[in-house]
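# Descriptive structure summary
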Protein chains: 2
Amino acid sequence: MSQKPMSKIIQLDPTATEYQRILNGPPETMTMRSGYVVLQPGNSVGRHSTETFEEMIVIIDGEGEMVLGDGTVLLLKPYSVAYCPPATEHDVRNTGSGALRYLYVVSAAG
Amino acid sequence: MSQKPMSKIIQLDPTATEYQRILNGPPETMTMRSGYVVLQPGNSVGRHSTETFEEMIVIIDGEGEMVLGDGTVLLLKPYSVAYCPPATEHDVRNTGSGALRYLYVVSAAG
């Protein structure tokens, strides 16, 4: 049996109220991992670093901010894409009145 | 001057009619590249392989299909996410009556 990653399609729920995994990392992919995050108003994912991975997030719905360890604040809204380099502390907060839905993808920095 | 990647935010145009770059690869990122693709009805990006990179695409608007080299067809619609492993021939076609808008992200397979 091959452990090589296969092409696949994943359907997201536009009205999701909780986290949905998209890509789980090896052997499903080479290094990519991805998930669909839902944050209720006032909630945050918590300060974290993706360590040796770089990250891109795509805002699907709602309003929020990405707060970097150095205090930089990136405003998040639909059609925003944010990039966060490896080894960078950050948090994502819902600052709006509805759910904040976004998709992240991380990959090994090479 | 540091060449280390910096965090950043990119705003996409929901009504875009042409390609918009999101992430250009090193030194802007470690290995990630990303772009926002707009295909008019009947158009396709053309058969290609991302070689040593793996790819994820996120459908923003419209309807289409990803056709793999082995004939597999993945149906694309809003809230669909497709994954394509390295060294995999594929094409993306707009099969709908309006613009197909999607975002891709590729990263080195490690």
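Only a predicted model underlies this, so the values are computations on that prediction, with no experimental measurement involved.

Okay, the sheet that holds strand β5 (residues 64-68) of chain B next. All names here are of chain B. On the basis of which strands lie adjacent, the open sheet formed by three strands has the order β6-β5-β8 and antiparallel pairing. Two strands bound the open sheet, and with one partner strand each, they are β6 (73-76) and β8 (90-94). Averaged over all pairs of adjacent strands, the angle between their axes in this sheet comes to 20°, without regard to strand direction. Summarising the sheet, β5 and β8 pair through five bridges and their orientation is antiparallel. Within the sheet, the bridge partner assigned to glutamate 65 lies in β8 and is arginine 93.

Moving on, we get to the sheet that holds strand β5 (residues 64-68) of chain A. Residue and element names in this part refer to chain A. Taken together, the three strands give an open sheet; going across it, the order is β6-β5-β8, and neighbouring strands pair in antiparallel fashion. Bordering the open sheet on either side are β6 (73-76) and β8 (90-94), each of which pairs with just one other strand. Along the sheet, successive strands turn relative to each other by an average axial angle of 20°, direction set aside. With four bridges connecting them, β5 and β6 associate as antiparallel partners. Paired with methionine 66 across the bridge in β6 is leucine 74.

This brings us to the pairing of strand β4 (residues 53-61) of chain B. Residues and elements named next belong to chain B. With respect to burial, β4 is a largely interior element, eight of its nine residues being buried. Direction of pairing for β4 relative to strand β9 (residues 100-108): antiparallel, over a ladder of eight bridges. Along β9, the bridge assignment pairs valine 58 with leucine 103.

What follows covers the environment of valine 37 of chain A. All names here are of chain A. You can see valine 37 is positioned in strand β3 (residues 33-39). For valine 37, a count of 18 C-beta atoms within 10 Å translates into the label partly exposed. Residues valine 37 and aspartate 91, 54 residues apart in the sequence, show an inter-C-alpha distance of 13 Å. The residues contacting valine 37, other than those within four sequence positions of it, are Tyr19, Val45, Tyr102 and Tyr104.

On the side of chain B, 39 residues touch chain A, which itself brings 39 residues to the contact. Looking at the side of chain A that touches chain B, the elements that each hand over two or more residues are β1 (8-11), β2 (20-24), β4 (53-61), β6, β7 (80-84) and β9 (100-108) of chain A. For the side of chain A that touches chain B, the leading source of residues is β7 of chain A, giving five residues. For the side of chain A that touches chain B, the per-class residue count stands at 26 nonpolar, 10 polar and three charged. In this sheet, strand β1 (residues 8-11) of chain B lies alongside β7 of chain A in antiparallel orientation, the contact comprising four bridges. In the strand pairing of β1 of chain B, serine 80 of chain A is matched with glutamine 11 of chain B.

Our focus in this paragraph is the relation of the copies chain A and chain B. Each copy superposes on the other: chain A lies on chain B with an RMSD of 0.0 Å after a rotation of 180° and an axial shift of 0.0 Å. One copy is carried onto the other by what is essentially a two-fold rotation axis. In terms of C-alpha distance to the rotation axis, chain A has glycine 110 of chain A as its closest residue, with the C-alpha 2.8 Å off the axis. The fraction of interface residues of chain A whose copies in chain B are also interface residues reaches 100%, indicating that both copies meet through the same surface.

Before going further, it helps to spend a moment on the confidence of the model for chain A. Per-residue confidence for chain A averages 95 on the pLDDT scale, and 98% of its residues sit at or above 70. Per-element confidence in chain A ranges from a low mean pLDDT of 96 for β2 of chain A to a high of 98 for β3 of chain A.

Residue and element names in this part refer to chain A. Geometrically, the link from proline 26 to proline 27 is a cis peptide bond, its omega value of 0° lying close to zero. Summarising the element assignment, proline 27 is placed in the loop between β2 and β3. Located in the positive-phi region is alanine 87, a residue other than glycine, with phi close to 55°. Summarising the element assignment, alanine 87 is placed in the loop between β7 and β8.

Calculation criteria
Residues numbered from 1 in each chain as written. Chains lettered and ligands numbered in written order. Predicted model: local features only at pLDDT ≥ 70, side-chain atom pairs only at ≥ 80, totals over all residues. Pairing = 2+ DSSP bridges. Helix = DSSP H or I, 4+ residues; strand = E, 2+ residues; numbered from the N terminus. Axes fitted to C-alpha atoms, helices over the stretch in contact; angles between N-to-C directions. Buried ≥ 20, exposed ≤ 12 C-beta atoms within 10 Å, placed from the backbone. Contact = placed C-beta atoms within 7 Å. Nonpolar A, V, L, I, M, F, W, Y, C, P; charged D, E, K, R; others polar. Least-squares fit on C-alpha atoms with pLDDT ≥ 70 in both. pLDDT = per-residue confidence, 0-100.

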